[in-house]
Amino acid sequence: MGEVDADYLLEAVDAGATTADFEASFRGASIVFAWNVQSANAQRVLAALKSSGDTAKAFLALESAADLEEASRLGGYRPAKSAPWDQVLNKEAVETYDLAVDLWRRRSSDDALYLLLLLGHVLAKPVPLIAMAVQQADVGAILCMCRNCFKEVVDCLTDPTCKAAIECLDACAANDQVASYRCITCNETPKLEAFSLCVLEKHNCLCKTAEAPEPIPDAMTHWRGKPLDNEAAEEILIGWLGQEGRQWSWMVHQGKNAAYDQFPCQHQIFYPGTAKKVAWYDPTFQVILPDGEIVWRRRHYRVRIDNKQAPGSYVFSVLDNGVTSNEQWRIVDVADDLSWIVFFYSGAARAAGQAYFGGLVCTPDGDPPPASEAKRIAAALQRTGIEPWEMYTVSNQGCADCGAPLGVEAKAVRQSWLAEQREAGKTIDAMQMKG
């Protein structure tokens, strides 16, 4: 049992509990959610629902016995007995049910939590995170766009790629960061960036806001038997860049966040910037378009040491397709020989009303870390609040010599550092980036 919010209490009951246990849990509950409840257990749940008065505002059973799933209802809407008029009379319940089923099928802990919060928001008590996400454009938002961003709106809607991005985003369910970011990465264009920069970032026409999730874990304190300092932390970030022909620092082996961490062939590139105390992080990754075509995407994050925190703590910021994201990053743990590293990040795109967090297990080439390190890596993830089973393994097949836009950005890298690395025998390409 654990608190999700000061006004919400989540109680888990094992499927093998007695009818009396179910009955005690259901009595006074706002929402009852059942998963993978079969045979005799399903009958006990049904009996408990009836004997407890079935007063919950919603009962949702997924991947369970047929008679249990047939008992599902959201308010007055019963999916098993759906009628044509439900699309009008129970429109919100129908949309909520469809989204709940889709979220659960994704098999992600983030989506499962969002499912429960969504049910609570729609059927019990408003949840601020969900309320901000489901907020739709109103007359005021449209007037704001016309008054401040008319050219950008017209340019976007008359451009096929930008228009496709907007239509794709409009079709996404509330705060579906996975689908939303896929829409963006599949339809990137300068006109989409200009549209988002004006409508969301400069004028906040949708009146969105978001804060990075907390708590944020502490960074590791020691490395190679010594207290971690900023110089050592920079060496860790830069990692394998320039060594053994690598034009990247790390590659992602596993990621937590379904929206941002699961793209194939994720190369992480860290390097010092021209300005003092500023570095850059350029993640480069593959995106598979709906027609099967594979394209590369690259981002350009400014990295600053967080002087309010211990070494190994950073503030990342990026303008991603016109929307600014600010993130807190931590080096949670790393092997002495740099054979693996665990990162944690927490961030928000305020103008888009989206908050997120994630964890990464990275290695030099994206391969699994040594099996002997599994317990230590699991412990590092757990210190951030992430369980190892929540991590996805990234596809890194065919990443070698695959045409990725790797290397450092020529105009951004500190030239004295680049010269030192090359004199030390490291091979680092400096690329002229577009835009």
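Keep in mind it's a predicted model, so treat the numbers as computed, not measured.

The rules we used
- Residues numbered from 1 in each chain as written.
- Predicted model: local features only at pLDDT ≥ 70, side-chain atom pairs only at ≥ 80, totals over all residues.
- Heavy atoms only, no water.
- Helix = DSSP H or I, 4+ residues; strand = E, 2+ residues; numbered from the N terminus.
- Rg over C-alpha atoms; globule rule 2.2 N^0.38 Å.
- Buried < 20%, exposed > 50% of the residue type's maximum accessible area, 1.4 Å probe, protein only.
- Areas by Shrake-Rupley, 256 points an atom, 1.4 Å probe, with all protein chains shown as cover.
- Lys, Arg positive; Asp, Glu negative; His and termini not counted.
- Charge placed at Lys NZ, Arg CZ, Asp CG, Glu CD.
- Axes fitted to C-alpha atoms, helices over the stretch in contact; angles between N-to-C directions.
- Left-handed = near helix turned anticlockwise from the far one by under 90°.
- Contact = heavy atoms within 4.5 Å.
- Nonpolar A, V, L, I, M, F, W, Y, C, P; charged D, E, K, R; others polar.
- Expected span 1.5 Å × (residues − 1).
- Arc of directions from axis to C-beta.

**Student:** I'm lost on the overall build of the protein in this one. Help?
**Tutor:** In terms of helices and strands, the protein carries 15 helices and 21 strands. A compact globule built from 435 residues should have a C-alpha radius of gyration of about 22 Å, and the protein, at 24 Å, falls within 12% of that. Taking the principal axes of the C-alpha coordinates as reference, the protein spans close to 80 × 55 × 40 Å. For the protein, the residues scored as buried account for 50% of the 435 residues in total. Carbon and sulfur atoms make up 53% of the accessible area of the protein, which amounts to about 21500 Å² in all. For the protein, the centre of its 41 positive side-chain charges and the centre of its 57 negative side-chain charges are spaced 4 Å apart.

**Student:** Is there a simple way to explain the packing of helix H9 (residues 150-157) against helix H12 (residues 190-202) in this structure?
**Tutor:** Two packed helices can be described by the angle between their axes and the distance between those axes. Closest axis-to-axis distance for the H9/H12 pair is 9 Å, and the angle between their directions is 145 degrees. Crossing of H9 over H12 shows left-handed handedness. Contacts between H9 and H12 involve Glu152, Val153, Asp155 and Cys156 on the former and, on the latter, Lys191, Ala194, Phe195, Cys198 and Val199. Residues belonging to the contact of H9 with H12 are distributed by class as follows: six nonpolar, no polar and three charged.

**Student:** Please explain unusual backbone geometry as it appears in this structure.
**Tutor:** Residues apart from glycine generally show negative phi values, whereas peptide bonds are mostly found in trans. Residue proline 215 is reached from glutamate 214 by a cis peptide bond, and omega for that bond is 0 degrees. Residue position: proline 215 is located in the loop between H12 and strand S6 (222-223). Positive phi, close to 55 degrees, is recorded for cysteine 265, a residue that is not glycine. Tracing the chain through its elements places cysteine 265 in the loop between strand S8 (250-255) and strand S9 (267-268).

**Student:** Explain helix H2 (residues 39-51) to me, please; I cannot follow it from the model alone.
**Tutor:** An α-helical segment advances 3.6 residues per turn. Residues three or four places apart therefore align on the same side. Along its 13 residues, H2 runs 19 Å from first to last C-alpha, staying within 8% of the 18 Å computed at 1.5 Å per residue. Among all positions of H2, only Ala42, Val45, Leu46, Ala48 and Leu49 are buried. One side of H2 holds all its buried residues, which, seen down the axis, span an arc of 160 degrees. At its buried positions, H2 is contacted by helix H1 (19-26), strand S4 (58-62) and helix H3 (66-70).

**Student:** Is there a simple way to think about the environment of arginine 78 in this case?
**Tutor:** Within the secondary structure, arginine 78 is located in the loop between strand S5 (73-74) and helix H4 (86-89). We classify arginine 78 as partly exposed; its relative accessible area is 36%. Each C-alpha atom, one on arginine 78 and one on glutamine 177, is 28 Å from the other, the two residues being 99 residues apart in sequence. Sequence-distant contacts of arginine 78, that is, excluding residues within four places in its chain, are made with Ala71, Ser72 and Arg73.

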